[in-house]
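# Overview (structure and organization)
The chain contents come next:
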Amino acid sequence: MPRPPDPAAIAELKAAVGAGGWLESPADIAPYVEDFRKLYRGATPLVLLPRSLAEAATILAVCNRRAIAVVPQGGNTGYCGAATPDESGTQVVVAMQRMKRVREVDPENYSMIVEAGCTLRAAQDAAQAAGRLFPLSLGSEGTAQIGGNLATNAGGTAVLRYGMMRDLTLGLEVVLADGRVLPALQKLRKDNTGYDLKSLFIGSEGTLGLITAAALKLFPLPTDTATALVGVESPRQALALLLRLRDAFADQITSFELMPRLAVELTVRHIDGVANPLSEDDPWFVLVEIAAADGAGRASAQLTDALAAAAAEGGVRSALIASSLAQSDAIWKLRESVPAAQRLHGASLKHDLSVPISAVPRLIELGTALVERIAPDGQTIAYGHVGDGNLHFNVSQRAGADRDAFLARQPALEEAMFDLALRLGGSFSAEHGIGKLKAAEFARRADPVELGLMHDLKRVFDPKGILNPGKVLA
Ligand code: MLT
Ligand code: ZN
C-alpha cells in the first residue's frame, strides 16, 4: 500500500529534480489538484516537474522504493479525473510540462519524436513547419499535452480519416514503476518482434507507466481543404449523407460532426463571435471537412457538387461551403465551442458513448426518450463525432430547473444510457477514458475475464500499486 511521503522522502524527491523542479505552496499546487470539470479536488504535498528522462526515472525509482503513489499529469484537460490526486494528501503529482521538446521531425520517414509535455498544438505546428501533418485535433489542443493524449488514447475530430492516438503512435519511451526505462521509441511501420508493449500504455491513464516521449506518425499536409456546414432534417439523414460523401470522397473526408439545433443555439448565445450562418429552423447541423493533398484546388467545387446532388434528392436542407479560411475557422469555432457553451449554460450530465455508426440515429432516438423519462428537467444535446460513431450524449439543465435536483438524476440516467449504448453494440467510454469517474462502473460492467487480465497486467507493471491508484481499475 502506498504511504504518505515523510520529510526524508520529500527531500529526496526535491533533490531528484533540483531547484525550480517542484512546487509545494498551496497557491502553487492549487491548479494541479483540481480537474478541468471541477468534479474532484484532491491534495498533494508536492508537484514534481521533471525536465528530463533521467529526472523522471529517478522520481519513479524513489517513489517505488518508498511506496509513494504518483499521479502523472499533462495539460489537465481530461474529463474523467484521471490526473487528479485523491484527497489523502499522500500522492505526489508528476506534471510533465517541462519535458516539452520536439526532439525530431523526420519528413522523409513521416514521423516525429516529441516529449510528453509538448502541447498538441506545438506538435501540430512543428509537423506543419516541416511540411507534414500531425492530424490529432481536439478543442483543447492548445493546452492538452501529447502525454495526456497518449494516456487517454485521445480521439477528437479527425478520427474518421486518421484514427485515434493509438493509431498515430509508432513508438513510446516510458518510465516503468520502478524507474527502469522502456526504450520503445522506434519509428517503424512494421515491427513484429514479440508483444506490442507500447500499446498497453496508450489509454492506460498513467496506471502502467509514465510516458515521457513518443514517436508519432505524420501525413502529407493537405493542400486543398473544403469545410461546409450543412443543415439536415434528422440524424438518419446525416448518416445517409455520410455514406454518400464516403462514396464520393473515399478517405478524403476528415471530419463529419453532428450538432442538434439546441447546441448551435446555446453556442451562438454564450460564445462571443460565434454565429449560425444557416437557417435557425434546421433541426440538425453537420460539419463536413474534406482534404486532398494533390493541390488541384478542386475540393470546394467537388463538395459543392456532392451537396447539391444530395439536396436535389431531399437529403440536405441547406448548406454553406466556406469560401475563405476565416469562414472555415468560423464553422469550426461553432462546433468546438459547444462544450464551453454548455458549461456556461448551466449544469450538465455527460455521456461519452460510441456505437456502430449505423446505430447512431437509434441511439439518439432512444437516448432522447430516456432523458425525457428520467431527467425531464434536462434537455438533450447529443452531438459529436458521428463519422466515427462517437456521440457526446450530453444533457443540459433546463432554464429555471433546480441544479441539485437535476444533478441528482445522474446515477439513474447514466445507468440507462450505458445500458442503451451496450445494447446497441457500443461502449460507455468512447474517447474520454475511465479515470476516477467511471472506474466503479467499469469494474461492475467489464467482462470478468478481461478485467482479470487487466488486474494481472497491473500487478506485473506496478507490483507496489504506486501508479495512479484508484484510476481505471477501482
Ligand atoms: C468534444 O468533442 O467537443 C468533446 O470531446 C466533448 C465534450 O466536451 O463533451
Ligand atoms: Zn469529443
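Residues numbered from 1 in each chain as written. Chains lettered and ligands numbered in written order. Predicted model: local features only at pLDDT ≥ 70, side-chain atom pairs only at ≥ 80, totals over all residues. Heavy atoms only, no water.

### So, the site of ligand 1
This is how the line gets drawn: One heavy atom suffices: a residue is near a molecule or strand as soon as one of its heavy atoms comes within 4 Å of it. Polar contacts here mean pairs of N or O atoms no more than 3.5 Å apart (in protein, one a potential hydrogen donor and the other a potential acceptor; neighbouring residues in sequence count only if both atoms are side-chain atoms). Using a 1.4 Å probe, the Shrake-Rupley method yields the accessible areas, and only the shown protein chains count as cover for residues. Secondary structure elements follow DSSP: runs of H or I of four or more residues count as helices, runs of E of two or more count as strands, with numbering from the N terminus. Residues were grouped as follows: Ala, Val, Leu, Ile, Met, Phe, Trp, Tyr, Cys and Pro as nonpolar; Asp, Glu, Lys and Arg as charged; and all remaining residues, including Gly, as polar.
For ligand 1, the full set of nearby residues is Tyr79, Arg335, Pro339, Lys350, Tyr383, His385, His392, Asn394, Glu431 and His432. Between ligand 1 and Tyr383 there is a distance of 3.0 Å, counted from an oxygen atom to a side-chain nitrogen or oxygen. In the model, an oxygen atom of ligand 1 is placed 3.1 Å from a nitrogen or oxygen of the His392 side chain. For ligand 1, the protein covers 86% of the area, taking 270 Å² as the surface of the free molecule. For the shell around ligand 1, the secondary-structure elements that each account for two or more residues are β18 (378-385) and β19 (390-397). Taken together, the residues that form the shell around ligand 1 break down as 3 nonpolar, 4 polar and 3 charged.

### So, the side chain of Thr212
Note the threshold: Residues are treated as being in contact if the distance between any of their heavy atoms lies within 4.5 Å.
Tracing the backbone through its elements, the reader meets Thr212 in strand β10 (residues 210-217). A distance of 2.6 Å separates a polar atom in the side chain of Thr212 from a polar atom in the side chain of Glu173. Aside from chain neighbours lying at most four places away, what touches Thr212 is Leu53, Ala56, Met96, Met99, Arg103, Glu115, Ala116, Glu173, Val174 and Val175.

### A few points about helix α4 (residues 120-129)
Three or four residues apart is the spacing at which side chains of an α-helix point the same way, because the helix has 3.6 residues per turn. Heads up, the rule is: Here the term buried applies to any residue with accessible area under 20% of the maximum for its type, exposed to any over 50%, and partly exposed to those in between, with areas from a 1.4 Å probe on protein chains only. Note that the arc is defined by the directions from the helix axis to the C-beta atoms.
Of the residues making up α4, those classed as buried are Leu120, Ala123, Gln124, Ala126 and Ala127. Burial along α4 is one-sided: seen end-on, the buried residues are contained in an arc of 165°. Just past α4, the residue Gly131 takes up positive phi, approximately 75°.

### Things to note about the coordination of the zinc ion (ligand 2)
Worth spelling out the cut-off: Because no water is among the atoms considered, metal sites can look incomplete, with donors defined as N, O and S atoms within 2.8 Å of the metal, or 3.2 Å for Na, K and Ca.
For the zinc ion (ligand 2), every protein donor is listed as His385 (NE2), His392 (NE2) and Glu431 (OE), and the spread of their distances is 1.9 to 2.1 Å. Between consecutive donors of the zinc ion (ligand 2), the numbers of intervening residues give the motif H-x6-H-x38-E. For the pair His385 and His392, a shared accessibility class is recorded, and that class is buried.

### Here's the deal with the pairing of strand β9 (residues 181-184)
Going by this rule: Any two strands with at least two DSSP bridges between them are considered paired.
With burial as the criterion, only one face of β9 is covered, namely that bearing Leu182 and Ala184; the residues Val181 and Pro183 on the opposite face remain uncovered. Connecting strand β8 (residues 169-175) to the antiparallel partner β9 that follows it, the hairpin turn spans 5 residues, and Gly179 within it adopts a positive phi of roughly 95°.

### Notes on the sheet that holds strand β4 (residues 92-95)
On the basis of which strands lie adjacent, the open sheet formed by 4 strands has the order β1-β2-β4-β3 and mixed pairing. Each having just a single partner strand, β1 (22-23) and β3 (70-73) make up the two edges of the open sheet. The sheet contact formed by β1 and strand β2 (residues 47-48) spans 2 bridges and is antiparallel. From the neighbouring strand, Trp22 faces β2, where its bridge partner is Leu48.

### A short note on the packing of helix α8 (residues 235-249) against helix α10 (residues 299-312)
Formally: Interaxial angles span 0 to 180 degrees and are taken between N-to-C directions of axes, which are lines fitted to C-alpha atoms, for helices over the stretch in contact. Roughly parallel covers angles under 35 degrees, roughly antiparallel covers those over 145, roughly perpendicular covers 65 to 115, and oblique covers all other angles. The sense of a crossing depends on the near helix, which, turned anticlockwise from the far helix by less than a right angle, makes the crossing left-handed and, turned clockwise, makes it right-handed.
Two elements in contact, α8 and α10, have axes whose closest approach is 11 Å; the angle formed by their N-to-C orientations is 140°. When the axis of α8 is compared with that of α10, the two are oblique. Judged by the sense of rotation from one axis to the other, the crossing of α8 with α10 is right-handed. Between α8 and α10, the residues in contact are Leu241, Arg244, Leu245 and Phe249 and Gln302, Leu303, Ala306, Leu307, Ala309 and Ala310, respectively. Class assignment of the residues belonging to the contact of α8 with α10 gives a composition of 8 nonpolar, 1 polar and 1 charged.

### Some points on the side chain of Gln397
Along the polypeptide, Gln397 turns up in strand β19. There is a polar contact of 2.9 Å between the side chain of Gln397 and the backbone oxygen of Ala401.

### Some details on the pattern of salt bridges
Definition in use: We count a salt bridge whenever a side-chain nitrogen from Lys or Arg sits within 4 Å of a carboxyl oxygen from Asp or Glu.
Counted by the stated rule, this structure contains 30 salt bridges. Here Arg101 makes a salt bridge to Glu115, at a shortest N to O gap of 3.5 Å. One end of the pair, Arg101, is in the loop between β4 and β5 (102-106); the other, Glu115, is in strand β6 (residues 111-115), and 14 residues separate them in sequence. In this structure Glu115 comes out as buried when scored by relative accessible area, which is 4%. The residue Asp178 makes a salt bridge to Arg180 at a minimum N-O spacing of 2.9 Å. In the salt-bridge network here, residues are joined through shared partners; they are Glu415, Asp419, Glu441, Arg444 and Arg445.

### Things to note about the sheet that holds β8
Sheet strands pair by backbone hydrogen bonding; their relative direction is either parallel or antiparallel. If you walk across this open sheet you meet the 5 strands as β5-β6-β10-β8-β9, and the pairing is antiparallel. Each end of this open sheet is capped by a strand with a single partner; those strands are β5 and β9. Strand-to-strand, the axes of this sheet are offset by a mean angle of 15°, without reference to chain direction. Inspection of the sheet shows β5 paired to β6 by 4 bridges, in the antiparallel sense. Across the sheet, residue Asp106 finds its bridge partner in β6, namely Ser111. Docked against the sheet, helix α3 (residues 53-66) engages β8, β9 and β10, running at close to 55° with respect to β8. Most of the contacts of α4 go to β6, to which it runs at about 145°, and overall it touches β5 and β6.

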